Amino acid sequence: MSDFEPNIVAFLCNWCAYAGADLAGTSRLIYPANVKPIRVMCSGRVDPVFVLEALKKGADGVLIAGCHPGDCHYQSGNYKANRRVILLKELLQQLNINPRRVRFEYVSASEGQKFANVVKEFVEEIKEIGPNPLRGEQ
Amino acid sequence: MDRIGVFVCHCGVNIAATVDVDEVVDFAGKLDGVVVSKSYKYMCSDNGANLIKESIKKFKLDGVVVASCSPQMHEHTFRRVVEEAGLNPFVLEIANIREQCSWVHPDRKEATEKAKLLVKGAVAKVRLLEPLVREKVKVTPKALVVGGGIAGIQASLDLSEKGFHVYLVEKEPSIGGRMAQLDKTFPTLDCASCILTPKMMDVKNHPNIELFAYSEVVSVDGSIGNYRVKVVRKPRYVDFDKCTGCGDCVNVCRMKGKVPDEFNMNLGKRGAVYIPFPQAIPLKATIDPEQCLFLRYGKCGRSPACQDVCEAEAIDFTQKEELVEFEVGVIVVATGYDLLDPSALYEYGYSRYKDVITTLELERLISSSGPTGGEIVCPSDQRKPGSVTFVLCVGSRDETVCTWCCRVGCMTALKQAYLLREHLGDDVEINICYTDIRSFGKRYEEFYRRIRGVKTNFFRGRPSEVKEKKDGLTIDVFDTMTNKLFEIKTDLVVLVPAVVPRNDSSDLGKILHVSRGADGFFLEAHPKLKPMDTFTDGIFIAGCCQGPKDIQDSVAQASGAASRAANILSKEELEAEPLIAFVDEDFCSGCATCVSVCSFNAIELMKKEDNKYVARVVEALCKGCGSCVAACPSGAMQQKGFKDDQILAVVDVLGGEA
C-alpha cells in the first residue's frame, strides 16, 4: 500500500479557501501534489452530485473548503456546504463508501499554512483508508 | 467550443523551473477541441498578449485556456486580451499552474503531471462555456466612511473635495480618534491637536460631509456601486440642534469627577454629562446613560442639575435610538486600533502597580488638556518622578502574544523621552529597555540620534519582571550589549503595548463581509499592489484597521483609499459581474427551495399564464454564490460560468485520473 498515491479533488471557494491556497503558493509552502483544485465562487455552490461524481470517477477523496463561520462572502454559503456534507456522509455510509473520503474544512484567505496542513493530513488519512473501490470501474 | 487555444506561461522560471512547459504544451495540443497550443516566457507581457490575440485570429479560436498564475492575479488581464481579439471575455478559463502547482510541488514530474491535468480540466470546461454579457448598474455617487480618526477624516475630506457626498460614521461622541489623545507627534514634535483640529473643523464645515458621531453601522447590504447602509444614532439625551457646547451642564453634573474618563485613559474623572475634550467635533454634550442618576434611577436631586442650568433647554431624557438608512456606492473603513491591555503580561505588573502605565496614559499626563493639566506625576502619589523607564515591545514581536511589530512603539518612546526631558528638566533619569530601535521612517533615524544625545540610558533587552518595593519599582533587565544583568530602580514604568485590532473589528468585518487576517486586522486584497482594497469590491481600508501604522502612513493610505474609491464613484455606471444565477423555466417546478436558500432575497416566484409557478432571479440582487443552484432538485437553476455541466466536466477530468 505504500506506493498508493491518492487522487483528491478539492472544491475551493473563491474568496477564502482558493485565496488561502494561493497564499500557500506565494509563501512556497510545500504540500502533496495529490490535490487537484476546482474553483467555485462559494462552497455553497458545491452540489453533492459533484462530490458523488468525483467518487464515481475514482477520486479517492474530496475536499470542500470554504470561509470560516461568519466570514462567508455570501453570508451563509459555507454553512450550507457544511450541512450538505454532513448529510452526504450519511448517504455515503449507506452506499458503503467510507464517509472519511469527504472532508469539509474552513480555510481563510490568510491561512496558507492551514491549507497546506489540511492537504497533508487529508492525503495521509486517505492513504490509510486505501484506494477508492470504485476506481477503474469506469 | 471546439476551436480552443491553450497558452502556457513560463512565468520566467516561476513555472518553468518545476513544470515541464513543453510537455504541457504537447499534451494540451492533443486534447479534444484544442487547435493550437503554445508557450511563452511571460504570457502577461505585451508580446504574450499579442501571441494570444494573433492566434485567436489566425486559428479562428472560440475558446481560450491560459495556464499561468492564479486567476486572482491575471484573469481580468486575459479577459481583456481575449475581448480585444474579438471574442467574448467569458470564453476564457485560467489553469492555475503557479500558486497551486509549480510553487508548492518541487518534484518536476509531479508538478508537470498536475499541470497537465489542470489544463485538461480547463479545456473540458471551456468546451462548455458560453458567451456572457455584463449588465450595467448605476453608481450611487456617495461614500460611507467608517471611523472618524485621522484616516477616516482624511478619506472623508479627500472624497468630499472631489465632489462626492460623504457619510462619516464615528462611534464615539467626537471625531479625532487616537490622534486627538496625543500631545505631540514624532519626529517633528508637531502638536497633535494643532494639526488635527483644523482638519476636524473642515469635516464639520464641509457641505459634502454628513457627520454621524456617536453612531454605529449596524448593517450593510448590496454591492459595489449600490450599498444600502443602516446606521444607529445613539441617544445623547441632549438635543443636537439646541446644544451650544457651552459646557454649563458638565460643570454642574452631580456625578462630576466620579466617572473614569476614557478619553484620558481613565486617569481623570468626568461627570455623567460630558464633552470628551475641548476641541471635540461636534462640540455637543453627551449624557452617559450608564452613569446618569436620572436615567438610571429616574431621580437626580430635586431635579437634574444639567436641565436646570441649560439655557438652551437642550437636555432631553426622552431621546431614543434612531435608525438612519442611506445608499452609497463605496465604503472606506478606517476604524483604527486598540492597544493591547498589558495585564496580559502579568510580569510587568500593569493594573497591579499604579505607577506602571502605558504610553497613551503618559501621553494624557503630558498633555496640557489632560487630567493633570500637563503635570507629569506618578499616579500613585502625585509626585514628580525622579526616574522614568520605558519598556518597549510589550506583547509585540512576541510569539505568545502578538507576533507583529507595532511600528510606532520605538518612536513613541523616543518622543516621550524628549518631552519628559523638556518638562522635567535634567534631573529626571530616563531609561529605555528596547529590543531593537526601529526608526525606519523619514527623519526617524535623525530623531533617534537626537534623543541619544539627551542623556537617555538604553538597555538592549526585554525586562523579565517589574517588582514593587518599598521605595519604588525595580526592573530586572539583561542587557545583551554588555552581557550584564541590571536592576533598574525607577519611579514610573511606561509600557509600550502592542497595537491590536479594535475589539469590535470581528463584528464589523461580518457586517461588511470584509475578511480579516490571522492577526485580526482587516485583510487587504493584495499586500503589495492592492493595499487599500479588500476582497469585497467597493470596500476599502485605511489606517490602523489594516495593520499598525504611524500617522503619516495612515494619512497616505487614507488618501489612497479615497482615490481608489473615487475611481468608482466617478463612473456613472459599472459593469456587473455576469456570473449570476438563472432559471431554465422548462425544468422549474416552482418548489421554491431556491427562494429559501438565497441569502439576498434575489429569487422570487412568478405565476405563469397556466397558473403554475416558476422561480425568477432578480439579477440586480443576485451576488452569484450559486447556493440556489446546488439546492435546486431539478437542475432548473444554473449559474452562468459555473453551470452544473461545466463544473462536472472538470470533476470528470480531475476525478478520473489517478
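Residues numbered from 1 in each chain as written. Chains lettered and ligands numbered in written order. Predicted model: local features only at pLDDT ≥ 70, side-chain atom pairs only at ≥ 80, totals over all residues. Heavy atoms only, no water.

## Let's talk about the overall build of chain A
No. 1: Along chain A, the regular secondary structure elements total four helices and four strands.
No. 2: Going from N to C terminus, chain A has its helices and strands arranged as β-α-β-α-β-α-β-α.
No. 3: In terms of overall dimensions, chain A is globule-like: its C-alpha atoms have a radius of gyration of 14 Å, near the 14 Å expected for 138 residues.
No. 4: Principal-axis analysis of the C-alpha atoms gives chain A an extent of 35 × 30 × 20 Å. (Helix = DSSP H or I, 4+ residues; strand = E, 2+ residues; numbered from the N terminus. Rg over C-alpha atoms; globule rule 2.2 N^0.38 Å.)

## Looking at the side chain of Lys284(B)
All names here are of chain B.
No. 1: Within the secondary structure, Lys284 is located in the loop between β15 (273–274) and β16 (286–287).
No. 2: Salt bridges are absent for the buried Lys284, whose nearest opposite-charge side chain, Asp241, sits at 6.2 Å.
No. 3: Here Phe240 takes part through its backbone oxygen, which lies 3.0 Å from a polar atom of the side chain of Lys284.
No. 4: Setting aside residues up to four positions removed in sequence, Lys284 forms contacts with Arg236, Phe240, Cys243, Tyr274 and Ile275. (Buried < 20%, exposed > 50% of the residue type's maximum accessible area, 1.4 Å probe, protein only. Lys, Arg positive; Asp, Glu negative; His and termini not counted. Salt bridge = Lys/Arg side-chain N within 4 Å of Asp/Glu carboxyl O. Polar contact = N/O pair within 3.5 Å; in protein donor to acceptor, adjacent residues only side chain to side chain. Contact = heavy atoms within 4.5 Å.)

## Focus: the pattern of salt bridges
No. 1: Applying the stated rule across the entire model yields 40 salt bridges over all chains.
No. 2: Between Arg80(B) and Glu84(B) there is a salt bridge whose closest N-O contact spans 3.9 Å. Of this pair, Arg80(B) and Glu84(B) both sit in helix α3 (residues 71–84), separated by four residues, roughly a single helical turn.
No. 3: Taking the relative accessible area as the measure of exposure, Glu84(B) reaches 46% and is therefore partly exposed.
No. 4: The network of salt bridges with shared partners includes Arg100(A), Arg103(A), Glu105(A), Glu121(A), Glu125(A) and Glu128(A).

## Details of the interface of chain B and chain A
No. 1: On the chain A side, the residues contacting the 51 residues of chain B number 52 residues.
No. 2: For the pairing of chain B and chain A, the buried interface totals around 4300 Å² over both sides, and the portion due to carbon and sulfur atoms is 58%.
No. 3: Summed over the shared surface of chain B and chain A, the result is two salt bridges.
No. 4: Its salt-bridge partner being Arg45(A), residue Asp644(B) comes within 2.8 Å of it at the nearest N-O pair. (Buried area = accessible area lost by both parts, 1.4 Å probe.)

## Things to note about the nonpolar core
No. 1: In this structure, Phe11(A), Ile64(A), Ile52(B), Val64(B), Ile97(B) and Met637(B) are the most contacted members of the largest nonpolar core, which totals 108 residues.
No. 2: No other element matches helix α5 (residues 108–128) of chain B, which puts nine residues into this core.
No. 3: Built from parts of two domains, this core gets at least three residues from each of domain 1 (4–128) and domain 5 (581–640) of chain B.
No. 4: When sequence neighbours within four positions are dropped, the list of residues in contact with Phe11(A) reads Ile38(A), Val46(A), Phe50(A), Val62(A), Leu63(A), Ile64(A), Ala65(A), Ile647(B) and Val651(B). (Core = buried A, V, L, I, M, F, W, Y, C linked by side-chain atoms within 4.5 Å. Domains from an automatic or database assignment.)

## Things to note about empty space enclosed by the protein
No. 1: In total, this model carries eight cavities of 30 Å³ or more according to the counting rule given.
No. 2: Looking at the largest cavity, its volume works out to about 390 Å³.
No. 3: Together, 28 residues line the largest cavity, and Arg39(A), Glu93(B), Ile94(B), Lys125(B) and Phe642(B) are the ones closest to its centre.
No. 4: It is strand β4 (residues 92–96) of chain B that contributes the most residues to the lining of the largest cavity, five residues altogether.
No. 5: Within the lining of the largest cavity, the residues separate by chemical class into 19 nonpolar, four polar and five charged. (1 Å grid on protein atoms, 1.4 Å probe; cavity = no way out; pocket = protein on both sides within 12 Å on 5 of 7 lines; lining within 4 Å. Points joined across faces, edges and corners; volume = space filled by probe spheres on them. Nonpolar A, V, L, I, M, F, W, Y, C, P; charged D, E, K, R; others polar.)

## Comments concerning the packing of aromatic side chains
No. 1: On inspection of all chains with the given rule, the structure shows 16 aromatic pairs over all chains.
No. 2: Ring geometry for Phe104(A) against Tyr106(A): centres 5.1 Å apart, planes inclined by 90°, an arrangement best described as edge-to-face.
No. 3: With 5.0 Å between their ring centres and 70° between their planes, Phe459(B) and Phe486(B) make a pair best called edge-to-face. In this pair, Phe459(B) sits in strand β23 (residues 456–460) while Phe486(B) sits in strand β26 (residues 484–490), placing the two residues 27 residues apart along the sequence.
No. 4: Connected via pairs of aromatic rings, a cluster forms that spans Tyr167(B), Phe212(B) and Phe326(B).
No. 5: The ring of Tyr346(B) is capped by Arg352(B), whose NZ or CZ atom sits 3.7 Å from the centre of that ring. (Phe/Tyr/Trp six-rings, centres within 6.5 Å; stacked < 30°, edge-to-face > 60°. Lys NZ or Arg CZ within 6 Å of the ring centre and 35° of its normal.)

## Points about the sheet that holds strand β2 (residues 34–40) of chain B
Residue and element names in this part refer to chain B.
No. 1: An order of β2-β1-β3-β4 is seen for the four strands of this open sheet, with the pairing classed as parallel. The open sheet terminates on both sides in strands that have one partner only, identified here as β2 and β4. Neighbour-to-neighbour, the strand axes of the sheet open up by a mean angle of 15°, direction not taken into account.
No. 2: Note: strand β3 (residues 63–68) against β4, five bridges, orientation parallel. Residue Ser68 lies in a different strand from β4, and its bridge partner there is Asn96.
No. 3: The strands that helix α1 (residues 21–29) touches are β1 (4–9) and β2; relative to β2, the one it contacts most, it runs at about 170°. (Pairing = 2+ DSSP bridges. Axes fitted to C-alpha atoms, helices over the stretch in contact; angles between N-to-C directions.)

## Looking at a nonpolar patch on the surface
No. 1: A cluster of nonpolar side chains, contributed by Val595(B), Leu605(B) and Tyr613(B), occupies part of the molecular surface with about 230 Å² of accessible area.
No. 2: For Tyr613(B), a relative accessible area of 39% gives the class partly exposed. (Patch = residues over 30% accessible without salt bridge, like charges linked within 9 Å, V, L, I, M, F, W, Y side chains within 5 Å. Areas by Shrake-Rupley, 256 points an atom, 1.4 Å probe, with all protein chains shown as cover.)

## Side note on helix α18 (residues 644–656) of chain B
No. 1: Its 13 residues place the ends of α18(B) 17 Å apart at the C-alpha level, agreeing with the 18 Å of an ideal helix rising 1.5 Å per residue.
No. 2: Burial analysis of α18(B) places 10 of its 13 residues in the buried class, the great majority of the element.
No. 3: In this structure, the buried residues of α18(B) make contact with β1 (8–13), β2 (35–40) and α2 (48–56) of chain A together with α5, α17 (627–631) and β34 (637–639) of chain B. (Expected span 1.5 Å × (residues − 1).)

## Concerning the domain arrangement of chain B
Residues and elements named next belong to chain B.
No. 1: Under the domain assignment, chain B is made up of domain 1 (4–128), domain 2 (147–233 + 321–336 + 503–569), domain 3 (248–309), domain 4 (338–500) and domain 5 (581–640).
No. 2: Computed from C-alpha atoms alone, the centre-to-centre distance between domain 3 and domain 4 is 32 Å.
No. 3: Listed as interface residues are five residues of domain 3 and, on the opposing side, six residues of domain 4.
No. 4: Of the roughly 610 Å² buried where domain 3 meets domain 4, counting both sides, 75% is carbon and sulfur surface.
No. 5: Among the residues domain 3 hides against domain 4, the three largest losses belong to Asn264, Met265 and Leu267. Together they make up 77% of the total.
No. 6: Run the count over domain 3 and domain 4 and you get one residue pair in polar contact (both at pLDDT 80 or more).

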